[in-house]
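# Architecture at a glance
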Amino acid sequence: MRTRYVRTTYLGTTLLTVGALLLGATSCAKNDTSSDTAAKPRAIKAVAGCGKGSWTDPADRSADREPARCDKGAPTPQKLSKPRKLTIATGTLSAEYVAPLEMAVKKGEFKKEGLDVKLKVLPTPDALPLLAKGDIDAQWAAPEAAVMNGILGGFDIKWVSGNFSPDPKSKSGLWVRLKKGQSADRVRMSGKKMGTLIGKGSVASYPMNIALKEHGGGLDKIQFQQLGSADVLTGLQNGGVDSAWLLDPIWRKVDGDKRYAFLGGQPQGEPLGGMLFGPNLLSKDPDAGVALLRAYIRTVNTYFQGDYKKDPAFVAELARLLKTDKKVLEETPSLRMDWEIRSGTTDRLQAAYKAAGVSEGDPLPESKTVNRKLYEEAVGHKS
């Protein structure tokens with residue numbers, strides 16, 4: 001196998017992604033033993049409480065698409081004959097998009113499936129080789145450039161479920177400081193300097209590129225300045241950068257101020273992250289993989305239906321779970337928790353990584369990057 005070396009940035013750290021990762025996981029980076037060849041067809045049965053609304057057409061990327069949902073408490077647990085211990089890596093335990101996993105642990109939803117789940121904080125670059133080797137079972141992350149480059153190098157890893165898409169009221173994304181005579185529809189981004197906490201290898205490159213192109217820019221036409229979390233907003237306010245990618249809840253600091261304009265964020269109705277599986281749950285033990293997704297989906301249906309922040313008691317519980325201030329959670333709209341994956345998302349992500357200069361080689365087809373079969377089985381949908 002030819003080793004490919006690609007330099008990419010991830011939250012301020014320069015990584016030698018695929019070449020370095022392959023050195024630590026060559027035993028599992030063999031295409032002839034991938035889940036594509038090892039997996040056998042699995043029987044799909046109807047699931048009580050998960051009807052027509054439990055699945056949406058992957059090709060539907062409309063902004064007003066209602067995310068898939070089952071009834072509260074569905075899909076019903078199907079306890080495995082033998083208990084399993086699983087480890088899920090996540091970059092943080094304080095972000096709202098991780099809440100369904102933490103709630104599933106707290107409420108015993110994983111245990112109902114016969115799963116003893118441990119959430120372990122690990123950044124994506126550290127977790128990837130462990131996932132490929134089978135030292136951890138799943139990763140709550142996103143198909144970032146490092147992930148795509150790892151799969152290109154031979155890692156048997158796939159994106160198996162989504163996490164969320166933004167509420168229409170959310171303005172997390174690209175903000176620009178306006179000059180005299182400018183407005184949101186009259187500002188050119190070519191040659192501008194953008195401050196961001198997130199590196200070019202992040203999935204945010206995709207929506208960044210969309211927003212920039214709509215205003216005469218693009219990832220290849222602007223200057224990036226990676227800043228710390230406390231410095232992104234300051235840089236925008238004091239003129240150190242012309243624009244900034246502001247995350248929840250930081251954008252609220254400039255919302256309504258006529259000196260700034262919101263140019264766009266993550267596409268509505270299209271999750272850009274979620275669960276990644278390695279060989280343990282893709283091919284060695286898919287029963288446990290389906291059980292894990294079933295518990296996650298049931299948690300979303302039970303606790304994160306609709307605008308879950310309308311319930312003050314639940315917001316207080318969520319704040320304690322995430323170890324954050326209740327007022328911080330209340331400052332931003334509820335996320336649209338969404339376990340499904342849209343068609344072509346990894347194609348669009350790879351195009352953005354190419355434009356940002358953090359990937360090389362031919363783009364991977366979706367068949368090599370995505371597996372929807374396990375969450376479809378969990379809700380009883382026959383594709």
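Fair warning: this is a prediction, and the values are worked out from it, not measured in the lab.

## Let's talk about the overall build of the protein chain
When helices and strands are counted, the protein chain shows 13 helices and 14 strands. Pairs at least 24 residues apart make up 81% of the contacts formed inside the protein chain by residues separated by at least 6 positions. With the model as given, the accessible surface of the protein chain reaches about 16,800 Å², and the carbon-plus-sulfur share is 50%.

## Concerning helix H4 (residues 124-133)
Since the α-helix advances by 3.6 residues per turn, residues separated by three or four positions end up pointing in the same direction. With respect to burial, H4 is a largely interior element, seven of its 10 residues being buried. Among the residues making up H4, those that are buried are Thr-124, Pro-125, Ala-127, Leu-128, Pro-129, Leu-131 and Ala-132. Positive phi shows up at Gly-134, right after H4, with a value of about 90°.

## With respect to the state of the cysteines
In total, this model carries one disulfide according to the counting rule given. Here Cys-50 pairs with Cys-70 through a disulfide, and the sulfurs are 2.1 Å apart. Residues Cys-50 and Cys-70 are joined through a disulfide that is right-handed, its torsion about the S-S bond being 110°. With Cys-50 in the loop between helix H2 (35-38) and strand S3 (84-90) and Cys-70 in the loop between H2 and S3, this pair connects stretches of sequence that are 20 residues apart.

## Some words on the pattern of salt bridges
Any two side chains of opposite charge can pair if their charged atoms end up close together. For the coordinates displayed, the defined rule picks out 21 salt bridges. Among the salt bridges present, the one from Glu-317 reaches Lys-106, with a minimum N-O distance of 3.0 Å. In this pair, Glu-317 sits in helix H10 (residues 312-322) while Lys-106 sits in helix H3 (residues 99-106), placing the two residues 211 residues apart along the sequence. For Glu-317, a relative accessible area of 13% gives the class buried. By relative accessible area, which is 45% here, Lys-106 ends up partly exposed. As a salt-bridge pair, Asp-257 and Arg-259 come within 2.7 Å of each other at their nearest N and O atoms. The class for Asp-257 is partly exposed, based on a relative accessible area of 22%. Each member of the salt-bridge network shares a partner with another, and the members are Glu-109, Lys-112, Glu-113, Arg-294 and Arg-298.

## Observations concerning the pairing of strand S10 (residues 223-226)
As judged from the four bridges shared by strand S9 (residues 193-196) and S10, these two strands associate in the parallel manner. Residue pairing in the sheet places Met-194 in a bridge with Phe-224 of S10. Remark: the S9/helix H6 (residues 205-213)/S10 crossover connection has right-handed handedness.

## Quick word on the environment of Phe-304
With respect to the secondary-structure elements, Phe-304 resides in the loop between helix H9 (286-303) and H10. The class of Phe-304 is buried, set by a relative accessible area of 0%. For the pair Phe-304 and Leu-335, spaced 31 residues apart in sequence, the C-alpha separation works out to 8.7 Å.

Reading the values: rules and limits
Residues numbered from 1 in each chain as written. Predicted model: local features only at pLDDT ≥ 70, side-chain atom pairs only at ≥ 80, totals over all residues. Heavy atoms only, no water. Helix = DSSP H or I, 4+ residues; strand = E, 2+ residues; numbered from the N terminus. Contact = heavy atoms within 4.5 Å. Areas by Shrake-Rupley, 256 points an atom, 1.4 Å probe, with all protein chains shown as cover. Buried < 20%, exposed > 50% of the residue type's maximum accessible area, 1.4 Å probe, protein only. Disulfide = S-S within 2.5 Å. Salt bridge = Lys/Arg side-chain N within 4 Å of Asp/Glu carboxyl O. Pairing = 2+ DSSP bridges. Right-handed = clockwise from strand over helix to strand, strands pointing away.

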